[in-house]
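Results of the structural survey
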Amino acid sequence: MSLPKQPDVISLDPQYVGDVLEDIRRVGQATGATEAAERITSEMQGRIDTIVARTAEISRRPRVLHLEWVDPLMCGGHWVPEMVEMAGGENCFGDKETGSFRLEWEEVVASQPEVIIFMPCGFDVKRALDDVPLLSEMEGWQSLPAVKNNRVYAIDAGAYTSRSGPRLVVGLEIMAEMIHPELFSGMIPESGAIRLYGV
């Protein structure tokens, strides 16, 4: 069976947060929904700008360890390191020019993260919590600043960090509250993330 016309193929492979917004515009243009796409991306950009403006003048950026996988141990990639920067953090590993890559536990301990975010790629908070015991039994875990100060979190990565779409902005807002609770509150939706105590 042949198609009535040759379909247009749109390849979406964003690396940065801005690429995600541009992809939404491209899909909107291709589907005749340009106005809706512009409305969505304008609202997203406004929320991004609000976070970036509030963290622009902060005097101290906590070191953030974002873990996209635990076995093997991998940091977040693509837009995740950029989101951490926007939210006022300093990446322990990775930057917005690189994808995910493997880590050694000794490197993690040496980085002395002040905030740890479990975000297993494509999974929810409940699944993220399954990974915590794999690290909490490792030598040096209890000495990490994030653990000593109860700043270990699990996020619904499937909804807010893994997939390129409008909810990445919610992920950014969640990270902003995790990293700078003195500046942000009420940004975490129900079941969107959890703070761990005594892990």
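Each remark here, short or long, concerns the structure printed above.
Conventions and cut-offs
- Residues numbered from 1 in each chain as written.
- Predicted model: local features only at pLDDT ≥ 70, side-chain atom pairs only at ≥ 80, totals over all residues.
- Heavy atoms only, no water.
- Helix = DSSP H or I, 4+ residues; strand = E, 2+ residues; numbered from the N terminus.
- Rg over C-alpha atoms; globule rule 2.2 N^0.38 Å.
- Buried < 20%, exposed > 50% of the residue type's maximum accessible area, 1.4 Å probe, protein only.
- Contact = heavy atoms within 4.5 Å.
- Areas by Shrake-Rupley, 256 points an atom, 1.4 Å probe, with all protein chains shown as cover.
- Lys, Arg positive; Asp, Glu negative; His and termini not counted.
- Charge placed at Lys NZ, Arg CZ, Asp CG, Glu CD.
- Expected span 1.5 Å × (residues − 1).
- Arc of directions from axis to C-beta.
- Polar contact = N/O pair within 3.5 Å; in protein donor to acceptor, adjacent residues only side chain to side chain.

1. So, the overall build of the chain
The helix and strand tally for the chain stands at eight helices and six strands. Listing the helices and strands of the chain from first to last along the sequence gives α-α-β-β-α-β-α-β-α-α-β-α-α-β. For 199 residues, the compact-globule estimate of 2.2 N^0.38 gives 16 Å, and the chain sits close to it at 18 Å. With respect to the three principal axes, the spread of C-alpha positions in the chain is 65 × 45 × 30 Å. In the chain, which comprises 199 residues, the share counted as buried stands at 46%. Within the chain, contacts between residues separated by at least 24 positions form 71% of all contacts whose residues are at least 6 apart in sequence. When the accessible area of the chain is evaluated, it comes to approximately 10,400 Å², of which 50% is carbon and sulfur surface. Of the charged side chains in the chain, 18 are positive and 31 negative, and the gap between their average positions amounts to 3 Å.

2. A short note on helix α5 (residues 125-136)
The end-to-end C-alpha distance of α5, which contains 12 residues, comes to 17 Å, matching closely the 16 Å that a straight helix rising 1.5 Å per residue would cover. The set of residues buried in α5 consists of Val125, Ala128, Asp131, Val132 and Leu135. Along the axis of α5, the buried positions cluster into a sector of 125°, meaning they face one direction only. Where α5 is buried, its residues contact β1 (63-70), β2 (73-75), α4 (105-111), β4 (115-118), β5 (152-155) and β6 (193-196). N-capping of α5 is provided by Asp124, with a side-chain oxygen placed 3.4 Å from the backbone N of Lys126.

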